[in-house]
Amino acid sequence: MILSGKAKLAGVLGWPVGHSRSPRLHGYWLERLGIDGAYVPLPVRPEDFASVFRALPKMGFAGANVTVPHKEQALILADEVEPLAKRIGAVNTLVVREDGSILGLNTDAFGFMQNLLETHPASLGYLNRPAVVLGAGGAARAVIAALADAGVPEIRLVNRSLERAEKLAAEIGGPIRVQQWDRLDLAGAGLLVNTTSLGMTGQPPLDLDLSALPQDAVVNDIVYAPRVTDLLLRAQARGNPVVDGLGMLLWQAVRGFSLWFGQQPEVTADLRDFVLKS
Ligand code: ATR
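For clarity, every value in this text was computed on a predicted model and none was experimentally measured.

> So what exactly am I meant to see when it comes to the packing of helix α6 (residues 138–149) against helix α7 (residues 162–172) here?
The contact between α6 and α7 brings their axes to 11 Å, and the two run at 40 degrees. It follows from the interaxial angle that α6 and α7 lie oblique. In the packing of α6 onto α7, the handedness of the crossing is right-handed. Note on element contacts: α7 touches α6 through R164, L168, E171 and I172, opposite G138, A140, R141, I144 and A145. Taken together, the residues of the contact of α6 with α7 sort by class into 5 nonpolar, 1 polar and 3 charged.

Right, dumping it as structure tokens:
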């Protein structure tokens, strides 16, 4: 892609950032849509984050994504933060406005929900039954906010650290019931979501007995490396509909891209394959 002097700029701020798939993902859309723009990795140490953040408008950036470990700092530094990002407690997308001020968004909840609904429409009714969420980290906060906002009647939450789960429940709000791992109630659930890092390449396996889970419950693992986790394989083998985690990554990027570059990108099967190839 040849850039002009008017090219629009965006990127991803993280430390480290070398593992990020976002430059590949946005680069694909920029090229396909023929946009005069660039999306670059921006490796920024935590101690430099505030100064780089404030320099973005001065350097002509349209915005940026924010990843580990800067998501909480971005929430503090942004001139305005949308209510959902405040509730989740993290900002993953920055938009530079015309007056040079920075708006902070969190697009993970949207990404999670779009990925889920794109694969299994709400008309199947699984969101009208209790949902079970494993984990209470940053990703869980976005997932639970999305489920609460979608009107899921009950959210059963389990986490290694009970205290963290209780804090999440108090902060995010909604019909959340914190449960213990050894007393996890899968009966009657319409949805099971893994937001922990268990089952990810290089991490311990997720050891969960699925026998009490209804066979029509949707099972979603937000882990996408491997693309099909052991949880999804076991769920598939007993007939449960499944959703992998790659789509959440792709869909969360859609909103930032359209705000920075002014065009709505598409999430396609070709894009999924492309993003996974390194
Ligand atoms: P993310 O932003 O991806 O959600 P995170 O905030 O570090 O990452 O959260 C990781 C989640 O995986 C947490 O729910 C964590 O449990 P704790 O809150 O108890 O730390 C969970 N997790 C990670 N390793 C785990 C393990 N070995 N056993 C059980 N849970 C684990």
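> Quick question: what am I supposed to make of the nonpolar core here?
Taken as a class, soluble globular proteins show a tendency for nonpolar side chains to be buried jointly. If you look at the biggest cluster of nonpolar residues, it comprises 32 residues, and the most contacted ones within it are F112, L116, L147 and L191. Elements with a contribution of two residues or more to this core: α5 (108–119), β7 (131–134), α6, β8 (155–158), α7 and β10 (191–194). At 8 residues, the largest contribution of residues to this core is made by α6. In this structure, L191 is in contact with L116, Y126, L127, P130, A131, V132, L147, A217 and V218, ignoring residues within four places of it in sequence. Formed by 25 residues, the second largest nonpolar core is a distinct cluster that contains V17, V95, L103 and W251.

Rules used throughout
- Residues numbered from 1 in each chain as written.
- Predicted model: local features only at pLDDT ≥ 70, side-chain atom pairs only at ≥ 80, totals over all residues.
- Heavy atoms only, no water.
- Axes fitted to C-alpha atoms, helices over the stretch in contact; angles between N-to-C directions.
- Helix = DSSP H or I, 4+ residues; strand = E, 2+ residues; numbered from the N terminus.
- Parallel < 35°, antiparallel > 145°, perpendicular 65-115°, else oblique.
- Left-handed = near helix turned anticlockwise from the far one by under 90°.
- Contact = heavy atoms within 4.5 Å.
- Nonpolar A, V, L, I, M, F, W, Y, C, P; charged D, E, K, R; others polar.
- Core = buried A, V, L, I, M, F, W, Y, C linked by side-chain atoms within 4.5 Å.
- Buried < 20%, exposed > 50% of the residue type's maximum accessible area, 1.4 Å probe, protein only.

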